[in-house]
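# Coordinate analysis (summary)
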Amino acid sequence: MLPKVSILIPCYNAERWIAQAIESALNQTYFNKEVIVVDDGSTDRSLEIIKRFGDRIRWETGPNRGGNVARNRLLELSTGEWLQYLDADDYLLTDKIEQQVKYLNSLSEVDIIYSSIIVEYPNSKPPEKIVYSLPEPHDPWILLIKWQLPQTGGCLWRKQAILQVGGWKLDQPCCQEHELYLRCLMHQKKLAYCKQIGAVYRMFGKNTVSTNRITETYRRRLEIIQQAQEYLENTNSLNAAMLTLINQAKFDSARIIWNFDREWAIKIICSLNNRDKNFIPSKTTAPFLYQICYRTLGFAIAERLASAKRYFNIVRFFKKHIVSA
């Protein structure tokens, strides 16, 4: 018999999207499923909309305690062997679960099936959808370090695997699925890539993200990368190629952080260089001239020169296309 899949939807103030999320769960072509919604203390019309689905779903509500509390409560309420988490502002294509379960049947042992996702930008005009394909090799450690494992909805999760690693971390304010991925890998859970795409993740644009949120996101991201490095070192699994990827991830993060906290960015690079004096950033994110400056003059000067170059290019563009017009 095909395994039962629990589709789990945490919701907080998502009145614009929650109906579509639930409908996309109910409309799955995979029949052996249940749909459970936990309303995390919404103050808008979300709960009213959830109740309209009647006995087609199971639901409960409570005070606002955060996304991971809601996800863990959904974990407790679920009765399926496999779990499909679905954020309230996202949705699934109709055959998402069916396709991943078919792939599951071809595998002898797996704990997480993951696929590429579609990213939808609803605030763009017109709304835009982009498929974010996962690059080969489909090595979950590499994808984790490069921050390319999919958003939560792109996976099917074995319930027992999540229970065995302790569920969702309650005090993790962001990068939540990445932190869970890390613990699953550290507990040697098996991840398998499925080429079928069936989850749509809505991205609402950079303009809605505060500097404080960016700071916290990169702090947590770097913590996860560092924990991954330490685990690989302690298990004698850290080879030269993986160390280069880790250093590149830290370097790329430092370049973003430089824009709002230069002291922190310099500390990241100093720590990186203390552990690997021969590190050279990839030319895909650091052009040849930047690499020369980085190696001879250091990170801070290379960034200042890069900033000056960007400013010069903006001024030149303005003079050519605006003033001359």
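Computed from a predicted structure; not experimentally measured. (Residues numbered from 1 in each chain as written. Predicted model: local features only at pLDDT ≥ 70, side-chain atom pairs only at ≥ 80, totals over all residues. Heavy atoms only, no water.)

## What about the overall build of the chain?
Our working rule: Secondary structure counts use DSSP, requiring at least four H or I residues in a row for a helix and at least two E residues in a row for a strand, with both numbered from the N terminus. Relative accessibility under 20% of the residue-type maximum defines a buried residue, over 50% an exposed one, and the middle range a partly exposed one, all with a 1.4 Å probe and only protein chains included. In what follows, a contact means two residues having at least one pair of non-hydrogen atoms within 4.5 Å. Shrake-Rupley sampling with a 1.4 Å probe provides the accessible areas, and residues are treated as covered by the protein chains on show and by no other component. When charges are tallied, Lys and Arg are placed among the positive residues and Asp and Glu among the negative ones, while His and the ends of the chain are skipped. One atom stands in for each charge, and that atom is NZ of Lys, CZ of Arg, CG of Asp or CD of Glu.
Helices and strands together make up the secondary structure of the chain, namely twelve helices and eleven strands. Principal-axis analysis of the C-alpha atoms gives the chain an extent of 65 × 60 × 35 Å. Burial status across the chain gives 48% buried among its 325 residues. In the chain, the share of contacts with a sequence separation of at least 24, taken over all contacts with a separation of at least 6, comes to 74%. Element-wise, carbon and sulfur atoms account for 53% of the exposed surface of the chain, whose accessible area totals about 17000 Å². For the chain, the separation between the mean place of its 43 positive charges and that of its 34 negative charges on side chains is 7 Å.

## Observations concerning the packing of helix α9 (residues 240-257) against helix α10 (residues 262-275)
Put simply, the rule reads: In this description, a line fitted to the C-alpha atoms serves as the axis of each element, helices being fitted only across the stretch in contact, and the angle between N-to-C directions of two axes falls anywhere from 0 to 180 degrees. The labels follow the angle: roughly parallel below 35 degrees, roughly antiparallel above 145, roughly perpendicular from 65 to 115, and oblique for the rest. Each crossing is labelled by how the near helix is turned from the far one, with a counterclockwise turn of less than a right angle marking it left-handed and a clockwise turn marking it right-handed. Only Asp, Glu, Lys and Arg are considered charged in this grouping, and only Ala, Val, Leu, Ile, Met, Phe, Trp, Tyr, Cys and Pro are considered nonpolar; every other residue, Gly among them, is considered polar.
Across the interface, α9 lies against α10 with an axial gap of 8 Å and an inter-helix angle of 165°. Relative to α10, the element α9 lies roughly antiparallel. Like other packed secondary-structure pairs, α9 and α10 cross with a definite hand, here left-handed. Along its contact with α9, which presents Asn 247, Lys 250, Phe 251, Ala 254 and Ile 257, the element α10 presents Arg 262, Trp 264, Ala 265, Ile 268, Ile 269 and Leu 272. Grouping the constituent residues of the contact of α9 with α10 by class yields eight nonpolar, one polar and two charged.

## Brief notes about α9
Selection rule: Expected helix span is computed as 1.5 Å times (number of residues minus one). Whenever two N or O atoms come within 3.5 Å, that pair is a polar contact, provided that in protein one can donate a hydrogen and the other can accept it, and provided that, for residues adjacent in sequence, both atoms are side-chain atoms.
Compared with an ideal rise of 1.5 Å per residue, which puts 18 residues at 26 Å, α9 spans 26 Å between its outermost C-alpha atoms and is within 8% of the ideal. By the burial criterion, the buried members of α9 are Met 242, Ile 246, Asn 247, Gln 248, Ala 249, Lys 250, Phe 251, Ser 253, Ala 254, Arg 255 and Ile 257. Where α9 starts, the residue carrying a side-chain oxygen 3.3 Å from the main-chain nitrogen of Ala 241 turns out to be Asn 239.

## With respect to the pattern of salt bridges
Put simply, the rule reads: Salt bridges, as used here, are contacts in which a Lys or Arg side-chain nitrogen is within 4 Å of a carboxyl oxygen on Asp or Glu.
Tallying each qualifying case throughout the model produces 20 salt bridges. In this structure, Glu 81 engages Arg 158 in a salt bridge whose closest nitrogen and oxygen atoms are separated by 3.2 Å. Within this pair, whereas Glu 81 is found in the loop between α3 (67-77) and β4 (82-85), its partner Arg 158 is found in strand β9 (residues 155-158), the two being separated by 77 residues in sequence. Of the charged contacts, one joins Glu 98 and Lys 102 as a salt bridge, the two residues approaching to 3.7 Å between their closest N and O atoms. Within this pair, Glu 98 and its partner Lys 102 are both found in helix α4 (residues 96-104), separated by four residues, close to a single helical turn. Owing to a relative accessible area of 24%, Glu 98 belongs among the partly exposed residues under this scheme.

## Here's the deal with the pairing of strand β2 (residues 33-39)
Every regular strand shows the same layout, with side chains that alternate between the two sheet faces. What counts, and what does not: The rule for pairing is simple: two strands pair if DSSP sees at least two bridges between them. Orienting the strands away from the viewer, one traces the path from the first strand over the helix to the second; a clockwise path indicates a right-handed crossover.
Across the seven residues that make up β2, a large majority, six, are buried. Where strand β1 (residues 5-11) lies against β2, seven bridges are found, and the strand directions are parallel. Bridge pairing in β2 places Ile 7 opposite Val 35. Taken together, the four bridges between β2 and strand β3 (residues 58-61) define a ladder with parallel strand orientation. Its bridge partner lying in β3, Asp 39 is registered against Thr 61. Between β2 and its parallel partner β3, the chain crosses via helix α2 (residues 46-51), and the hand of that crossover is right-handed.

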